[in-house]
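Listed here are the chains, written in short residue letters.
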Amino acid sequence: MQVTDKRIHQVKIELSLQECKTLRRAIDHYLALYSHMDSKEKLQIEKQIDFDTIRTMASHLQLVETSDIVEQIRTGT
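Enquirer: So, the nonpolar core: which residues are in play, and what are the values?
Expert: One finds C20, I27, L31, Y34, I45, F51, I54, A58 and L61 forming the largest nonpolar core, which totals nine residues. Of all the secondary-structure elements, those providing two or more residues to this core are α1 (17-35) and α3 (51-75). Contact partners of I27, with chain neighbours within four places excluded, come to I54, M57, A58 and L61.

Written as structure tokens, this is what we have:
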């Protein structure tokens, strides 16, 4: 998986499929908790965390999982 960051041009992180699933679940859980926070808590967190990047990461991880499953079906492994 490759992640582009505003401060760093490109970072390459190698994760197993299971690690991708675990990380995506953790991100999805955090985003679900965030949606239940009040405005004051959200404002404080938004100063520290770029939620658009986190949402993009979760989507990318889901694509990685899906492409790996498709590849397994295609190759029969």
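The structure having been displayed, the exposition proceeds.
Enquirer: So, the pattern of salt bridges: which residues are in play, and what are the values?
Expert: Under the defined criterion, the tally for this structure stands at two salt bridges. Between D28 and R24 there is a salt bridge, with the nearest N and O atoms lying 3.1 Å from each other. Of this pair, D28 and R24 are both found in helix α1, four residues apart, which corresponds to roughly one turn of the helix. The class of D28 is partly exposed, set by a relative accessible area of 33%. On the basis of relative accessibility, which here comes to 16%, the residue R24 falls in the buried class. R55 serves as the salt-bridge partner of D52, at 3.7 Å between the closest nitrogen and oxygen. Highlighted residues: D52 and R55, both in helix α3, separated by three residues, approximately one helical turn.

Reading guide: rules and limits
Residues numbered from 1 in each chain as written. Predicted model: local features only at pLDDT ≥ 70, side-chain atom pairs only at ≥ 80, totals over all residues. Heavy atoms only, no water. Core = buried A, V, L, I, M, F, W, Y, C linked by side-chain atoms within 4.5 Å. Buried < 20%, exposed > 50% of the residue type's maximum accessible area, 1.4 Å probe, protein only. Helix = DSSP H or I, 4+ residues; strand = E, 2+ residues; numbered from the N terminus. Contact = heavy atoms within 4.5 Å. Salt bridge = Lys/Arg side-chain N within 4 Å of Asp/Glu carboxyl O.

These values are about where atoms sit, not about what they do.
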